[in-house]
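Residue-level listing of the chains:
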Amino acid sequence: MKLLEMKQIRKAFAGMEVIKDISLSVSEGEIVAIIGPSGSGKSTLLRCATMLETIDGGEICYLGKAATWVENGRTMFPKKEERREIQSYYGLVFQNFNLFPHYSVIKNIVDAPISVQKRNKEEVYEEAKKLLAKMGLADKADAYPCQLSGGQCQRLAIARALALRPKILFFDEPTSALDPELTGEVLKVIKDLAAEHMTMVIVTHEMNFARNVADKIIFMDKGVIAVEGAPDDVFASDSPRMKEFLGRLSKE
Amino acid sequence: MSVEVILRELTTGFGQTMMIFALTLVFSLPLGMVVYFGRTSRFWMMRELVKLYISVMRGTPLMLQLLIWYFGPFYLWKMNIGGSYKLIAIILGFSFNYAAYFAEIYRSGMKSIPNGQYEAAALLGYSKQQTFLKIILPQVVKIILPAITNEIITLVKDTSLVYSISYIEMFAKAKQIAAAQTTVVPFFVAGVFYYITCLAVAWVMEHIEKKFDYYR
């Protein structure tokens, strides 16, 4: 069974179609990278998958359970409990982190597992400490987000998402707000997760990273999937739009 | 009349001033929250009604509002009201007026929270209530403290408006003594009282603000 299935998704903002009939699926352990020019709908697609935006057409399923669908032009959702259940399957790492500034580093991680998932406090703290160590933030547990570098903030955001034990983790341009050095730190953490077979969907502009880490690459352009496949095939594709995009990148 | 006697007289009046001040804060700070929720309600009727309420509260003199609260029940509905109603009218007048201002301060604070905070909270599974209480509210408090301090300091001085319905607090006392003794000394003394109170408010609020300095 597919972990995530998006079927014929449509999304428009004020009549402007941003996503036009996109279907994609992600299996357990699979790593999908979504690339493409700005404004091609990559982030919107992630925002639809994580229910931050409502879809205007199509259906989204997690583990075969419908998370949202459109019926007679109306966006539908399952009942509250099922919605909560489905929501616990995924996590999202934002471009600009969106950490809680008034919470310490450790509290950012433990608060949701304790107050949302109602898990055992000591156990959650233990796990959070392990996560911090994994992210290279062991000595920052009592610091506040404002005292961290951008790279540290993003690693904390990843730890915060992982603490809820999601089955799939989405990344929305996780390194776009970071300089090259900090980008490297964050990409390394994502690579480590890839080695552990974490299921991930990553919207990124880091072409080499996408090529190295992803099992599948999706090239989006103007709201549709222009090219899709194994990294080497996609990068060798003779799609003129893809060539133009990569050409522009390499010229830079 | 010696300065000592003036001081003693004004100190008793100051007790009344502080009571109006404290009661107004106790009622208007939470009431402002209620007004804020009305102002941002999903129902347009509610929003428009609350907007009208705020604009009347801000657009007419507080002194006039006090007069209406005090005399209104009798002249409008011939209600017979006892002497104790005067303080009730004052607290009602002040609380409803200040709640309107506080509501707008709350609104400015809420608006300055980036949407990303709501989105992060939603992704982490927080309920609407948890998001508001745990994530949004603590950050709003930090943002609005300076504006709240401003309002509280204004309130210290606005308490003097109750002399318009002959409620005897410090300012009314000062006026009485000044008129009877033909001297401006009580005014100076009252001025010092107000000034020191405002100074104390500013000092306390600065300390509360410092408590929030640990982040950002």
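The structure under discussion appears in the preceding block.
These numbers were taken from a predicted model, which means no experiment stands behind them.

Draft legend 1. Representation of the overall build of chain B in the model. Scanning chain B from N- to C-terminus turns up eight helices and zero strands. Ordered by position from N to C terminus, the α and β elements of chain B give α-α-α-α-α-α-α-α. Projecting the C-alpha coordinates of chain B onto the three principal axes gives extents of approximately 70 × 45 × 25 Å. Out of the 216 residues in chain B, the part that is buried amounts to 28%. Contacts spanning at least 24 positions in sequence make up 76% of the contacts within chain B whose residues lie at least 6 apart.

Draft legend 2. Expanded view of the overall build of chain A. Counting secondary structure elements, chain A contains nine helices and eleven strands. Computed over C-alpha atoms, the radius of gyration of chain A comes to 18 Å, within 12% of the 18 Å expected from 2.2 N^0.38 for 252 residues, which places it in the range of a compact globule. With the C-alpha coordinates aligned to their principal axes, the bounding extent of chain A is approximately 50 × 50 × 35 Å. The contacts in chain A between residues at least 6 apart in sequence include a share of 63% that link residues at least 24 apart.

Draft legend 3. Local environment of the nonpolar core. Counting residues in hydrophobic clusters, the biggest one holds 78 residues, and the most contacted among them are Ile34(A), Ala157(A), Ala159(A), Ala163(A) and Val201(A). If one sorts the elements of this core by residue count, helix α5 (residues 150-162) of chain A sits on top with seven residues. With near-sequence residues (within four places) excluded, Ile34(A) lies in contact with Lys42(A), Leu45(A), Val201(A), Ile202(A), Val203(A), Ile218(A) and Met220(A). The next biggest cluster of nonpolar side chains, apart from the first, holds 26 residues, and it includes Tyr70(B), Phe94(B), Ala100(B) and Tyr106(B).

Draft legend 4. Geometry of the interface of chain B and chain A. Taken together, the contact pairs 15 residues of chain B with 19 residues of chain A. Those elements that provide at least two residues to the side of chain B that touches chain A are α5 (115-123) and α6 (128-158) of chain B. In terms of residues, the side of chain B that touches chain A owes the most to one element, α5(B), which gives five residues. In the side of chain B that touches chain A, the residues fall into eight nonpolar, five polar and two charged.

Draft legend 5. A look at the sheet that holds strand β6 (residues 74-76) of chain A. Residue and element names in this part refer to chain A. The antiparallel open sheet is built from five strands, whose spatial order is β2-β1-β4-β5-β6. At either end of the open sheet lies a strand with only one pairing partner, and these are β2 (16-26) and β6. Geometrically, the sheet is characterised by an average inter-axis angle of 15° between neighbouring strands, direction not taken into account. Here strand β1 (residues 4-13) pairs with strand β4 (residues 57-62) via five bridges, running antiparallel. When the bridges of β4 are listed, methionine 6 appears paired with isoleucine 60.

Draft legend 6. Focus on unusual backbone geometry. All names here are of chain A. Although it is not a glycine, lysine 118 adopts a positive phi angle of roughly 55°. On the secondary structure map, lysine 118 appears in the loop between α3 (105-115) and α4 (121-134). In this structure, arginine 165 takes a positive phi of about 50° despite not being glycine. For arginine 165, the position within the fold is in the loop between α5 and β8 (168-172).

Draft legend 7. Quick peek at the pairing of β1(A). Residue and element names in this part refer to chain A. Pairing of β1 with β2 involves seven bridges; the strand directions are antiparallel. Of the residues in β2, the one forming a bridge with leucine 4 is valine 26. Between β1 and β2, which pair antiparallel and follow one another directly, the connecting turn spans two residues, one of which, alanine 14, has a positive phi of 50°.

Draft legend 8. Quick look at the environment of Gly125(B). With respect to the helices and strands, the residue Gly125(B) is situated in the loop between α5 and α6. A C-alpha to C-alpha distance of 23 Å links Gly125(B) and Arg42(B), two positions 83 residues apart in sequence. Discounting residues that sit within four places of it in the chain, Gly125(B) has contacts with Arg84(A), Gln87(A), Ser88(A), Ala112(A), Val116(A) and Leu164(A).

Draft legend 9. Layout of the packing of helix α4 (residues 85-111) of chain B against α6(B). Residues and elements named next belong to chain B. At a minimum axis distance of 9 Å, the contact between α4 and α6 shows a crossing angle of 155°. In terms of axis orientation, α4 runs roughly antiparallel to α6. At the point where α4 passes α6, the crossing takes the right-handed sense. Across from Tyr98, Tyr101, Phe102, Ile105, Tyr106, Ser108, Gly109 and Met110 in α4, the residues of α6 making contact are Val140, Ile143, Ile144, Ala147, Ile148, Glu151 and Leu155.

Draft legend 10. Main features of α5(A). All names here are of chain A. For α5, which comprises 13 residues, the first-to-last C-alpha distance of 18 Å matches the rise-based estimate of 18 Å (1.5 Å per residue) to within 8%. For α5, the buried fraction is high: twelve of the 13 residues fall into the buried class. Within α5, the full set of buried residues consists of Gly151, Gln152, Cys153, Gln154, Arg155, Leu156, Ala157, Ile158, Ala159, Arg160, Ala161 and Leu162.

Draft legend 11. Spatial organisation of the packing of helix α1 (residues 3-39) of chain B against helix α2 (residues 44-59) of chain B. Residues and elements named next belong to chain B. In the contact formed by α1 and α2, the axes pass within 7 Å of each other and the chain directions differ by 130°. Relative to α2, the element α1 is oriented oblique. Between α1 and α2, the residues in contact are Val35, Gly38 and Arg39 and Met46, Arg47, Val50, Lys51 and Ile54, respectively. Here the contact of α1 with α2 is composed, by residue class, of four nonpolar, one polar and three charged.

Calculation criteria
- Residues numbered from 1 in each chain as written.
- Chains lettered and ligands numbered in written order.
- Predicted model: local features only at pLDDT ≥ 70, side-chain atom pairs only at ≥ 80, totals over all residues.
- Helix = DSSP H or I, 4+ residues; strand = E, 2+ residues; numbered from the N terminus.
- Buried ≥ 20, exposed ≤ 12 C-beta atoms within 10 Å, placed from the backbone.
- Contact = placed C-beta atoms within 7 Å.
- Rg over C-alpha atoms; globule rule 2.2 N^0.38 Å.
- Core = buried A, V, L, I, M, F, W, Y, C linked by C-beta atoms within 7 Å.
- Nonpolar A, V, L, I, M, F, W, Y, C, P; charged D, E, K, R; others polar.
- Pairing = 2+ DSSP bridges.
- Axes fitted to C-alpha atoms, helices over the stretch in contact; angles between N-to-C directions.
- Parallel < 35°, antiparallel > 145°, perpendicular 65-115°, else oblique.
- Left-handed = near helix turned anticlockwise from the far one by under 90°.
- Expected span 1.5 Å × (residues − 1).

Shape descriptors only; they carry no functional weight alone.
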